[in-house]
Amino acid sequence: MILVTGGAGYIGSHVVRDLADRGYSVLVLDDLSTGHLEAVDKRAMFIQGDTGDSHVLESIFQSHSIQAVMHFAASCLVGESVKDPLKYYQNNVVNTIQLLEKMVEHNIKNFIFSSTCATYGVPDQAVIHEQLPLDPINPYGKSKLMVETVLNSISDSHDFRYIALRYFNVAGAHISGEIGEDHAPETHLIPNILRHLQGKSSFIEIFGNDYSTPDGTCIRDYIHVMDLSAGHILALEHLLQNPGLKIAEIFNLGNERGVSVLEMINLCEQAVGAKANVKIQPRRKGDPPHLVASSRKIKALLGWVPKYEINKSIETAWNWFKKHPNGYK
Ligand code: UDP
């Protein structure tokens, strides 16, 4: 059985569905603070609880034979992390350490970790590969880097194997239209634009148009959530199919294409066939100007092949929002 923490969240729910489609038994642990029970695939077992709750973890590890843990449960908003760093160090670092302690205690060796491109900070190179220096500029990125450091140490001291996946910007929805992105409040760019074009807000804000980028707005690399999920399955199977191998790997997961905030607004306008009302706002604290991945390593070592381009991310997200105008409610 695979334990998926945060399996009721946006990314976790897509991975749970993929795991179930592939015949894995899945146990989801989620406190539902930001996730949705409706997003959890019916084939998975569900326990409502906190990853930092050692009693819950103890009972899970005692009652189930867990082959691997995929750890999505975390706080993941750059802007919020700047305003409330303690929340990030508590949820992302302290709670993960509780989980890792319990794993080590119960001799559970396989761990997939949701890391982030925010660990790189403001790289001086246009395309980011895994060997670049790590110098995060916001508490979100710092909290994830702390866990990467912990993982590295445990893999030295214990029979413990992990793959950390550094996500770039995750976008889109399941191709079925049945699960998708539903955050409250929503802060991410694509949902905010699409919600605005759906008439749910009177304008879309651009946080800064004076960055050192061609159009002055921040550039990000948007990866489709189903491609991201496929990367997790490959990572998991790499661990499970090579039991004797010492594995301590870090892979970027991005689409290798940069899209600026302004370009994204244009692409969404074209997809929806409506015009956005744009408001320029000051920069948002903690935002690096330019984050674009090299995913060469995961392609070469695990054979990851992304299937969806940015237009498909917008199209599937739009399909989700049309079918679920109020999210899961
Ligand atoms: N952004 C924006 N308006 C919004 C939401 C986001 O201009 O309503 C910008 C944000 O400042 C960043 C980029 O869009 O430069 C992507 O932000 P998002 O929150 O989607 O993801 P992040 O890169 O912070 O993980």
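Below is a short write-up of the structure. (Residues numbered from 1 in each chain as written. Predicted model: local features only at pLDDT ≥ 70, side-chain atom pairs only at ≥ 80, totals over all residues. Heavy atoms only, no water.)

Here we look at the overall build of the protein chain
Item 1. When helices and strands are tallied, the protein chain shows ten helices and twelve strands.
Item 2. Here the protein chain has a C-alpha radius of gyration of 19 Å; the compact-globule value for 329 residues is 20 Å, and the two agree.
Item 3. Overall size of the protein chain, expressed as C-alpha extent along the three principal axes, is 55 × 40 × 40 Å.
Item 4. Of all 329 residues assigned to the protein chain, the portion counted as buried reaches 56%.
Item 5. Of all intrachain contacts in the protein chain linking residues separated by at least 6 positions in sequence, the fraction that spans at least 24 positions is 79%.
Item 6. In the form shown here, the protein chain has an accessible surface area of approximately 13900 Å², with 51% of it arising from carbon and sulfur atoms.
Item 7. Here the protein chain contributes 30 positive and 36 negative side-chain charges, whose respective centroids are spaced 4 Å apart. (Helix = DSSP H or I, 4+ residues; strand = E, 2+ residues; numbered from the N terminus. Rg over C-alpha atoms; globule rule 2.2 N^0.38 Å. Buried < 20%, exposed > 50% of the residue type's maximum accessible area, 1.4 Å probe, protein only. Contact = heavy atoms within 4.5 Å. Areas by Shrake-Rupley, 256 points an atom, 1.4 Å probe, with all protein chains shown as cover. Lys, Arg positive; Asp, Glu negative; His and termini not counted. Charge placed at Lys NZ, Arg CZ, Asp CG, Glu CD.)

A word on the packing of helix H8 (residues 261-272) against helix H10 (residues 310-323)
Helix packing for two helices is described by the angle between their axes and how far apart those axes are.
Item 1. Where H8 meets H10, the closest approach of the two axes is 10 Å, and the angle between their N-to-C directions is 55°. Considering the angle they form, H8 stands oblique to H10. Where H8 crosses over H10, the two elements pack in a sense that is right-handed. Together, Met-264, Leu-267, Cys-268, Ala-271 and Val-272 of H8 and Ile-310, Asn-311, Ile-314 and Trp-318 of H10 make up the contact between the two elements.
Item 2. Taken together, the residues of the contact of H8 with H10 break down into eight nonpolar, one polar and no charged. (Axes fitted to C-alpha atoms, helices over the stretch in contact; angles between N-to-C directions. Parallel < 35°, antiparallel > 145°, perpendicular 65-115°, else oblique. Left-handed = near helix turned anticlockwise from the far one by under 90°. Nonpolar A, V, L, I, M, F, W, Y, C, P; charged D, E, K, R; others polar.)

Details of the pattern of salt bridges
Item 1. Under the definition given, this model contains 17 salt bridges.
Item 2. For Lys-102, the salt bridge is made with Glu-105, and the minimal N-O distance between the two is 3.2 Å. Of this pair, Lys-102 and Glu-105 both sit in helix H4 (residues 85-105), three residues apart, roughly one helical turn.
Item 3. With a relative accessible area of 12%, Lys-102 lands in the buried category.
Item 4. Between Arg-283 and Asp-210 there is a salt bridge; the shortest N-O distance is 3.0 Å. (Salt bridge = Lys/Arg side-chain N within 4 Å of Asp/Glu carboxyl O.)

Regarding the nonpolar core
Side chains that are nonpolar tend, in soluble globular proteins, to be buried together.
Item 1. Core analysis: the biggest nonpolar cluster contains 36 residues, and Ile-11, Leu-19, Met-70 and Leu-165 have the highest contact counts within it.
Item 2. Contributing elements (two or more residues each) for this core: strand E1 (2-5), helix H1 (10-21), strand E2 (26-30), strand E4 (68-71), strand E6 (161-167), helix H7 (225-241), strand E10 (248-253) and helix H9 (296-302).
Item 3. With near-sequence residues (within four places) excluded, Ile-11 lies in contact with Phe-72, Tyr-167, Val-170, Val-225 and Leu-228. (Core = buried A, V, L, I, M, F, W, Y, C linked by side-chain atoms within 4.5 Å.)

Re the environment of Asp-227
Item 1. Following the sequence through the fold, Asp-227 ends up in helix H7.
Item 2. The spacing of Asp-227 and Gly-327 is 100 residues in sequence and 22 Å in space, taken between C-alpha atoms.
Item 3. Dropping the residues within four chain positions of it, Asp-227 is found in contact with Trp-304, Val-305, Pro-306, Lys-307 and Tyr-308.
Item 4. Among the polar contacts made by the side chain of Asp-227, one reaches the main-chain amide nitrogen of Lys-307 at a distance of 2.7 Å. (Polar contact = N/O pair within 3.5 Å; in protein donor to acceptor, adjacent residues only side chain to side chain.)

Let's talk about the pairing of E4
Across a regular strand the side chains alternate sides, sitting on one face of the sheet and then on the other.
Item 1. On E4, burial covers both faces: Ala-68 and Met-70 on one face and Val-69 and His-71 on the other are all buried.
Item 2. Note: E1 against E4, four bridges, orientation parallel. The partner of Val-4 across the bridge, within E4, is Met-70.
Item 3. In terms of strand pairing, E4 meets strand E5 (residues 110-116) through four bridges, oriented parallel. Each residue of the ladder has a partner; that of His-71, found in E5, is Phe-113. (Pairing = 2+ DSSP bridges.)

Brief notes about unusual backbone geometry
Item 1. Cis geometry is adopted by the peptide bond preceding Pro-185, which originates at Ala-184 and carries an omega value of -5°.
Item 2. Looking at where Pro-185 falls in the secondary structure, it is placed in the loop between strand E7 (169-171) and helix H6 (189-197).
Item 3. Even without being glycine, Leu-32 reaches a positive phi, approximately 60°.
Item 4. Turning to its location among the elements, Leu-32 is positioned in the loop between E2 and strand E3 (45-48).
Item 5. Residues other than glycine seldom take positive phi values, yet Asn-107 does so here, at roughly 60°.

Considerations on the sheet that holds E4
Paired through their backbone hydrogen bonds, the strands of a sheet run either parallel or antiparallel.
Item 1. Spatial ordering of the open sheet is given by E3-E2-E1-E4-E5-E6-E10, a layout of seven strands whose pairing is parallel. Looking at which strands have only one partner, the edges of the open sheet turn out to be E3 and E10. With strand direction ignored, the average angle separating the axes of adjacent strands in the sheet is 20°.
Item 2. Note that E5 and E6 share seven bridges and pair parallel. Bridge pairing in E6 places Ser-115 opposite Arg-166.
Item 3. Packed onto the sheet, helix H2 (residues 54-63) meets E1, E2, E3 and E4 and runs at close to 175° relative to E2.
Item 4. Set on the sheet, H7 makes contact with E1, E4, E5, E6 and E10; between it and E6 the angle comes to about 165°.

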